Amino acid sequence: MKKIKKVVDLILSSKYTVALTGAGISTESGIPDFRTPGKGLWEKLPAEAFSTWAFKTNPKALYEHGMVMFGDLLAAKSNPAHRMLAILEKKGLLKAVITQNIDGLHQKAGSKTVFEIHGHLRTGTCMGCGKKYKMEEIMKKLKEGKLPPRCDDCKKVIKLDIILFGDNLPPEEYGKSLDVARRCDLMLVLGSSLVVTPASDLPAVALGSGAKLVIMNKMATGYDGEAGVVIHEPLGKTAEAILKELESRSQ
Ligand code: NAD
């Protein structure tokens, strides 16, 4: 409880708070993360199929392995932690969410300023002519057994607008993320192991500009020693406690 009060103190006394989220914020929506031992996706899926090199030589593999996961991600619902961030933004207490997630759950929860540095599952792009496809069209092709899905016009492979290992990050989204990381005086990290670069550099950017750091993650991270508050608890519980504390301060 002391830690929750301290997080709320920091949120209320900061002028520019940003959140950095990872797969751990969506596990309570039923989406597994990558690295939780025993449950993480990398214990079930071959990580190498999700690299840009593998995709170029064998695009079918990514769709074969990922098809069920993409369907699950699209059907998932936001949870209390996504909703807490949307509420903070609405109250003027949060400027932006930088997310490594591709699930779109921040937007489903109502967040408006979201930088998706690892892409999203709303669209895909033809690797030949650049034609854009909505995810529903791509899922339809997959369900019809068209693996990999191909462009209706030029017949080249359609790549989802997600970042694979070896891809560059979307420059505009990452540029904006760097900008808010430099400007913020408080960064909240929620559900990230903080091991995937360059996303994991963003807390260092914030700290380097004098910001305070709050880490809310079940497992320890490499930044715990530099954070003002560290909470190793399930995020849903933490988010509800923060909102309750915030509510009590406005009465
Ligand atoms: P990660 O798997 O490396 O780390 C997730 C962290 O969240 C872990 O340290 C774990 O302890 C913590 N965690 C899990 N459930 C939690 C909970 N209920 N409460 C608090 N903490 C919890 O994930 P990452 O740091 O985001 O980086 C890996 C990559 O995973 C990113 O590139 C991201 O694109 C990708 N990814 C995204 C999704 C998604 O869109 N939902 C799902 C899986 C992986």
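Coordinates for the structure precede this section.
Since this is a predicted model, take the numbers as computed values, not measurements.

(A) Geometry of the environment of K5. Mapped onto the secondary structure, K5 falls in helix α1 (residues 2-13). K5 gets classed as partly exposed once you look at its relative accessible area, which sits at 39%. For the pair K5 and I242, spaced 237 residues apart in sequence, the C-alpha to C-alpha distance is 7.7 Å.

(B) Looking closely at the site of the ligand. Neighbouring the ligand are 29 residues, the closest being A23, Q100, D103, H118 and S193. One of the side-chain N or O atoms of H118 is found 2.6 Å from an oxygen atom in the ligand. Within the side chain of S193, an N or O atom sits 2.5 Å from an oxygen atom of the ligand. For the ligand, whose unbound accessible area comes to 860 Å², protein coverage reaches 96%. Residue classes in the shell around the ligand are distributed as 11 nonpolar, 12 polar and 6 charged. Two domains each put at least three residues into the shell around the ligand: domain 1 (1-30 + 78-118 + 169-251) and domain 2 (32-75 + 120-162).

(C) Summary view of the sheet that holds strand β6 (residues 158-162). Spatially, β5-β4-β6 is the arrangement adopted by the 3 strands of the open sheet, whose pairing is antiparallel. The outermost strands of the open sheet, each flanked by one partner alone, are β5 (132-134) and β6. Each neighbouring strand pair of the sheet contributes to a mean axis angle of 35 degrees, computed without reference to strand direction. Judged from the 4 bridges that link them, strand β4 (residues 119-126) and β6 form a sheet pairing that is antiparallel.

(D) Here's a closer look at the nonpolar core. Of all hydrophobic cores here, the largest spans 26 residues; its most connected members are Y63, F70, L121, I138 and L160. Looking at this core, the element that brings in the most residues is helix α3 (residues 59-75), giving 6 residues. Residues in contact with L121, not counting those within four places in the same chain, are F70, L73, L74, I102, M135, L160 and I162.

Conventions used here
- Residues numbered from 1 in each chain as written.
- Predicted model: local features only at pLDDT ≥ 70, side-chain atom pairs only at ≥ 80, totals over all residues.
- Heavy atoms only, no water.
- Helix = DSSP H or I, 4+ residues; strand = E, 2+ residues; numbered from the N terminus.
- Buried < 20%, exposed > 50% of the residue type's maximum accessible area, 1.4 Å probe, protein only.
- Near = heavy atom within 4 Å.
- Polar contact = N/O pair within 3.5 Å; in protein donor to acceptor, adjacent residues only side chain to side chain.
- Areas by Shrake-Rupley, 256 points an atom, 1.4 Å probe, with all protein chains shown as cover.
- Nonpolar A, V, L, I, M, F, W, Y, C, P; charged D, E, K, R; others polar.
- Domains from an automatic or database assignment.
- Pairing = 2+ DSSP bridges.
- Axes fitted to C-alpha atoms, helices over the stretch in contact; angles between N-to-C directions.
- Core = buried A, V, L, I, M, F, W, Y, C linked by side-chain atoms within 4.5 Å.
- Contact = heavy atoms within 4.5 Å.

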